[in-house]
Amino acid sequence: MDNKEVRVRIAPSPSGNLHIGTARTALFNYLFAKKNNGKYVLRIEDTDLDRSSQAYIQNIYDSLKALGLNWDEGPDVGGPYGPYQQSERFDIYPKYAQKLIDAGYAYECFCTQEELEAEKQESIKNKKPHVYSGKCRHLTEEQKAKYRAEGRKPSIRFHVPDSGETKFTDMVKGDLKFDNSLIGDFVIMKSNGTPTYNFAVVIDDMEMKISHIIRGEDHISNTAKQILIYEALGAEIPQFGHLGMILAPDRSKLSKRHGATAVSEFVEKGYLTEALVNFVALLGWSPSDGHEIKTLDEIIQDFRIHDVSSSNSIFEYDKLNWMNGQYIKKMDIKKLADLARPFLSMYDLSEMTEENYERMIEVTREPITILSDLVNDVKYFFGQDAEIEPDVQTKILDSEDGQKVLRYVVDNELEKWDFEDSEKLHEQLADLRAYFKEQGIKPKETMWAIRAAVTGRTHGADMVAILQILGKERSVRRIKAATK
RNA sequence: GCUCCCAUCGUCUAGAGGCCUAGGACACAUCCCUUUCACGGAUGCGACAGGGGUUCAAAUCCCCUUGGGAGUACCA
């Protein structure tokens, strides 16, 4: 190709928290930029002032940063082609609109909503595609003056050619073409003086020298309109790449009723941003070496936009959960311990030393898939007494073998257990298992008795660790309490 | 309605005419490991939507049908 600088952008609209789909689009843009030593720009598209809010803008910043998708230029960091927030760019769009009018590519339209609606209904009735008739295309100055006198404020429409095709080669979809006669003259400036989306993006992308536009395929049909504008302006047309959509398991659009949709919601539920990025990268792209667990940097190395799948993909939690579990398992323990804290706010963490807190996380991290699983899994580390589950009471603590083990432990072992030395304690438990094995009680049943007494459950973290974190006093207390 | 996109195991995907009796991952099942849950290991289950072409040869190319998705706004 050429050696022009690669510049991509992610342009979210702050009418909600950063959506997981937008995050994937951001990721692919980021990957493409990094892979090609390009620039990755963040632009906030808040043209619709009613639906936009500062809180959402902040959420977009925070989410993108948390995912590690840091931008080179943007509203907060600036850059050579700012401002990067559309609401601050309102003065530049009318100039370009006027330029198009002057060149004959656009015209003022005085049609009312009612007239437009009537046209549309007529088309539907005749089973024809509804395309604006273009009746304001050739208004005389007198007619315009008359409309103005009536108080009508014009919108500005782009004059789309009546024939021919608009085509482009999409980086992921291949050759695409649209029949101009079916596009219809579309509005570029609303009657209130603000630009429509299709106009604002083109102007902004053009001014910001965006070379490649990677976005969701819901924008495919907009592309024809946008190319027409680029051409009318005599601007260089960027390369486009349209990604398949992310769908819910029922093949509908991913929405709140399917669970979390915003990146921040996933984080609040206990998903790790590293896992989120990794998982979402695999929706539409696959690593060349078959190793799916990869860091952002590794993905950058392996990423090629032309390898991206052009079909939609379904967002299933199974694999995300598995992947999140993998990341939790491998994460630096100090980092994990810090991330886990907010999830454990219902417990009095000051009860235990920092060292014990970390060890508790270390020994409970293994089976969990999301951080919030910790809430339940860590419960028995708190409080003086164990909360015994009903089943555990009847099936284990009330059983003959269970009591036999506990009785023996209380009478002969408990005082000898070395809570300070984990290896010693480990051996002592092993000896206990061996002792009862000769009496026909399985090793796991021996341990169940102790586990049940100490934690009230049949499963959980390593027994030695539990006993040590709980400390001698509470461990002894719980075991004695369960012994009849 | 019209336009466009898409179509390999339940899901994410590999596959760019012969390497495919279609490979991997998640999920599921069984077994092994084991102080529990889990992790890990092994095995199994499981797909080229259907129909026509093209070709010596098609999951791969073309057409039709079907199914799914998107767009069709003075919303972005």
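A brief look at the structure comes next. It should be emphasised that the depicted structure is a prediction, and the values quoted were computed from it without experimental measurement.

As a further point, take unusual backbone geometry. Note that the residue after glycine 82, namely proline 83, is joined by a cis bond; omega there is -5°. With respect to the helices and strands, proline 83 occurs in the loop between helix H2 (54-67) and helix H3 (93-102). We note that lysine 209 has phi near 55°; this positive angle belongs to a residue other than glycine. For lysine 209, the location among the structural elements is in the loop between helix H6 (197-207) and strand S8 (212-216). Judged by relative accessible area, lysine 209 falls into the partly exposed class, the value being 46%. You will see that arginine 251, though not glycine, has its phi angle at about 70°, which is positive. Structurally, arginine 251 is set in the loop between strand S10 (246-247) and helix H8 (263-269).

Two strands pair when backbone bridges link them, and strand S1 (residues 7-10) and strand S2 (residues 39-42) are joined in this way by 4 bridges, in the parallel orientation. Bridge pairing in S2 places arginine 7 opposite lysine 39. Traced from S1 through helix H1 (residues 20-35) to S2, the parallel crossover comes out right-handed.

Take helix H11 (residues 317-330) next. Within an α-helix, residues lying three or four positions from one another point in the same direction, as the helix has 3.6 residues per turn. With 14 residues, H11 should cover 20 Å at 1.5 Å per step; its first-to-last C-alpha distance of 20 Å lies within 8% of that length. Taken together, the buried positions of H11 are Leu320, Asn321, Met323, Asn324, Gly325, Gln326, Tyr327 and Ile328. On its buried face, H11 is in contact with H8, helix H9 (273-281) and helix H12 (333-340).

Turning to the layout of surface pockets, a few remarks are in order. Each pocket or cavity is described by its volume, and for the largest pocket that value is around 1,400 Å³. Taken together, 44 residues line the largest pocket, and the ones lying closest to its centre are Ser13, His19, Thr22, Asp218 and His219. Breaking the lining of the largest pocket down by element, the ones donating at least two residues are S1, H1, H2, H6, S8 and S10. Of the residues assigned to the lining of the largest pocket, the class counts are 16 nonpolar, 17 polar and 11 charged. Volume-wise, the second largest pocket comes out at about 590 Å³. Gln113, Leu116, Tyr132, Arg157 and Val187 are, among the 25 residues lining the second largest pocket, the residues nearest its centre. Elements that contribute at least two residues to the lining of the second largest pocket include exactly helix H4 (113-125) and strand S4 (155-158). A class-by-class count of the residues in the lining of the second largest pocket yields 10 nonpolar, 7 polar and 8 charged.

What counts as what
Residues numbered from 1 in each chain as written. Chains lettered and ligands numbered in written order. Predicted model: local features only at pLDDT ≥ 70, side-chain atom pairs only at ≥ 80, totals over all residues. Heavy atoms only, no water. Helix = DSSP H or I, 4+ residues; strand = E, 2+ residues; numbered from the N terminus. Buried < 20%, exposed > 50% of the residue type's maximum accessible area, 1.4 Å probe, protein only. Pairing = 2+ DSSP bridges. Right-handed = clockwise from strand over helix to strand, strands pointing away. Expected span 1.5 Å × (residues − 1). Contact = heavy atoms within 4.5 Å. 1 Å grid on protein atoms, 1.4 Å probe; cavity = no way out; pocket = protein on both sides within 12 Å on 5 of 7 lines; lining within 4 Å. Points joined across faces, edges and corners; volume = space filled by probe spheres on them. Nonpolar A, V, L, I, M, F, W, Y, C, P; charged D, E, K, R; others polar.

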